[in-house]
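Report on the structure
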Amino acid sequence: MSLSLHYHPLSSFCHKALIALYELDVPFVPRFLDLGNAQRRADFLALWPTGKMPLLQDNDLVIPETSIIIEYLATRHAAASQTLIPAEAASALEVRLMDRLCDLYVMLPMQAIVADRLREEKDRDPIATGRGRDTLAMAYGMLDERLQGRAWLAGDQFTMADCAAAPALFYASTLVPFAANQQRLNTYYKQLLQRPSVARTLDEARPYFKFYPYREALPAAYQPQD
Ligand SMILES: N[C@@H](CCC(=O)N[C@@H](CS)C(=O)NCC(=O)O)C(=O)O
């Protein structure tokens, strides 16, 4: 098989790529990435110097960055009937915009807050995490607005924007809950969790949720049992 994905089952950006692979029904070889292993980290950095996962490999071709990975999969490996990026230009632009908003204003502040919690108490930065929480609250309001009249985040179809939104909202909502009056966002999130590609990705992550520092705030169905 030509395609493989370097990934970790707990990583939110890896979830984004996995959801796309499952949506498009593209076969791939999963390559578990343990960056705590010095040799594996060195090998991975030689492949892609940022050290960021996931990383897609198509034979000798290295494809980094989740949005690029999804565009690559959608254009090179998906059946013509399945796409996560609409052909029509204005619709495609909206998908890319919502994808960017989810990555930059939900995924990144969420990552920074989680990373802060993993530090020793003396090294934590409450001002930075407070700003991150404010950014999450701002982004929720923006997403709730954009969802008006839409079945999915960028329109009527499930797209790359939803691949980005699912893991971003899954972890971010453990840090800052959605407001009760953000009805569109609350409904959309429930719908995301029921999407088979999202449910499968989260199901595969189950054995690792016990390592998530805010595990007590995960949805009841994903609370670690041990
Ligand atoms: N912009 C990148 C972000 C990827 C990213 O931040 N991945 C995290 C895991 S969720 C990572 O590799 N962290 C390991 C590290 O920074 O050492 C993308 O879209 O692929």
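Computed from a predicted structure; not experimentally measured.

**Side note on the site of the ligand**
The full set of residues close to the ligand is Ser11, Ser12, Phe13, Leu35, Gly51, Lys52, Met53, Glu65, Thr66 and Gln111. One of the side-chain nitrogen or oxygen atoms of Lys52 is found 2.7 Å away from an oxygen atom of the ligand. Taking Gln111, its side chain carries an N or O atom lying 3.0 Å from an oxygen atom of the ligand. Here the ligand has 520 Å² of accessible area as a free molecule, and 77% of this is covered by the chains. Among the detected pockets, the ligand sits in the largest pocket. In terms of residue class, the shell around the ligand is built from 3 nonpolar, 5 polar and 2 charged.

**Some remarks on the state of the cysteines**
Per the stated rule, a full pass over the model turns up 0 disulfides. Counting only cysteine sulfurs, Cys163 is the nearest neighbor of Cys102, a cysteine outside any disulfide, at a range of 10 Å. Assessed through its relative accessible area of 0%, Cys102 is described here as buried.

**Here we look at the nonpolar core**
Formed by 75 residues in total, the largest nonpolar core has its most connected members in Leu153, Leu169, Phe170, Leu175, Tyr188 and Phe209. When sequence neighbours within four positions are dropped, the list of residues in contact with Leu153 reads Met98, Cys102, Leu143, Leu147, Ala161, Asp162, Ala165 and Tyr188.

**Quick notes on the sheet that holds strand 4 (residues 61–63)**
Strand order in the open sheet formed by 4 strands is 2-1-3-4, with mixed pairing between adjacent strands. Across the chains shown, the open sheet's two edge strands, defined by having one partner strand only, are strand 2 (29–32) and strand 4. Averaged over all neighbouring strand pairs, the angle between strand axes comes to 25°, with direction disregarded. In this sheet, strand 2 lies alongside strand 1 (residues 3–7) in parallel orientation, the contact comprising 4 bridges. Each bridged residue has a counterpart across the sheet, and for Tyr7 the counterpart in strand 2 is Phe32. Lying over the sheet, helix 3 (residues 66–77) contacts strand 1, strand 3 (55–58) and strand 4, oriented at roughly 30° with respect to strand 3.

**Describing the pairing of strand 3**
Consecutive side chains of a regular strand alternate in pointing toward one face of the sheet and then the other. Here strand 3 shows no split at all, with Leu55 and Gln57 on one side and Leu56 and Asp58 on the other all buried. Note: strand 1 against strand 3, 4 bridges, orientation antiparallel. Note that in strand 3 the partner of Leu5 across the bridge is Leu56. Here 3 bridges tie strand 3 to strand 4, and the two strands are oriented antiparallel to one another. In the strand pairing of strand 4, Leu56 is matched with Ile63. Hairpin connection, strand 3 to strand 4: the antiparallel pair is bridged by 2 residues, and Asn59 has positive phi, about 50°.

**Quick look at unusual backbone geometry**
In this structure, the amide linkage connecting Met53 to the following residue, Pro54, adopts the cis form with an omega of 5°. Inspection of the secondary structure assignment puts Pro54 in the loop between helix 2 (38–47) and strand 3. Residues other than glycine seldom take positive phi values, yet Asp25 does so here, at roughly 60°. Mapped onto the elements, Asp25 comes out in the loop between helix 1 (12–24) and strand 2. A positive phi angle is found at Asn59, which is not glycine, with a value near 50°. Locating Asn59 in the fold gives a position in the loop between strand 3 and strand 4.

**Considerations on a nonpolar patch on the surface**
A cluster of nonpolar residues, Leu104, Tyr105, Leu108 and Met138, forms a patch on the protein surface that exposes about 330 Å² of accessible area. For the nonpolar patch, the leading source of residues is helix 4 (residues 89–118), giving 3 residues. Turning to its location among the elements, Met138 is positioned in helix 5 (residues 126–146).

**Quick word on the packing of helix 1 against helix 4**
Following both chains from N to C, one finds helix 1 and helix 4 inclined at 145°, their axes separated by 11 Å at the closest point. Contacts from Ser12, Phe13 and Lys16 of helix 1 reach helix 4 at Asp99, Arg100, Asp103, Met107, Leu108, Met110 and Gln111. Taken together, the residues of the contact of helix 1 with helix 4 break down into 4 nonpolar, 2 polar and 4 charged.

Thresholds applied
All chains use their own residue numbering, which begins from 1 and follows the written sequence. Local features in a predicted model are, by the rule used here, given only for residues with pLDDT of at least 70; side-chain atom pairs are given and counted only at 80 or more, and totals for whole chains, interfaces and linings are based on all residues. Each side-chain value is worked out from all heavy atoms of the structure, with water and hydrogens disregarded. If even one non-hydrogen atom of a residue comes within 4 Å of a molecule or strand, that residue is called near it. Whenever a nitrogen or oxygen atom comes within 3.5 Å of another N or O atom, the pair is scored as a polar contact, on the condition that within protein one atom can donate a hydrogen and the other can accept it, and that pairs from neighbouring residues in sequence are kept only if both atoms are in side chains. Only the protein chains shown count as cover for residues, and the accessible areas themselves come from Shrake-Rupley with a 1.4 Å probe. Lining residues are defined by having an atom within 4 Å of a point belonging to a cavity or pocket. Those points lie on a 1 Å grid over the protein atoms alone, cavities being sets where a 1.4 Å probe fits but cannot get out and pockets being open sets with protein on both sides within 12 Å along at least five of seven lines. For this analysis, a molecule is said to be in a pocket or cavity if more than half of its atoms are within 2 Å of the grid points defining it. Basically, the charged four are Asp, Glu, Lys and Arg, the nonpolar ten are Ala, Val, Leu, Ile, Met, Phe, Trp, Tyr, Cys and Pro, and anything else, Gly included, counts as polar. Throughout, a disulfide means two cysteine sulfur atoms within 2.5 Å of one another. Throughout this description, buried means an accessible area under 20% of the type-specific maximum (1.4 Å probe, protein chains only), exposed means over 50%, and partly exposed covers the range between. By nonpolar core is meant a set of buried Ala, Val, Leu, Ile, Met, Phe, Trp, Tyr and Cys residues that side-chain atoms within 4.5 Å join together. Whether two residues touch is decided by their heavy atoms; if any such pair falls within 4.5 Å, the residues are in contact. The criterion for strand pairing is that DSSP finds at least two bridges linking the strands in question. The helix and strand labels rest on DSSP assignments: H or I over at least four residues marks a helix, E over at least two residues marks a strand, and numbering proceeds from the N terminus. Helix axes use the C-alpha atoms of the stretch in contact, all axes being lines fitted to C-alpha atoms, and the angles between their N-to-C directions lie in the range 0 to 180 degrees. Excluding any residue in a salt bridge, patches collect residues exceeding 30% relative accessible area, merging like charges within 9 Å and nonpolar Val, Leu, Ile, Met, Phe, Trp and Tyr side chains within 5 Å. When a carboxyl oxygen of Asp or Glu lies within 4 Å of a side-chain nitrogen of Lys or Arg, that pair is called a salt bridge.

Worth remembering: the numbers are spatial, not functional.
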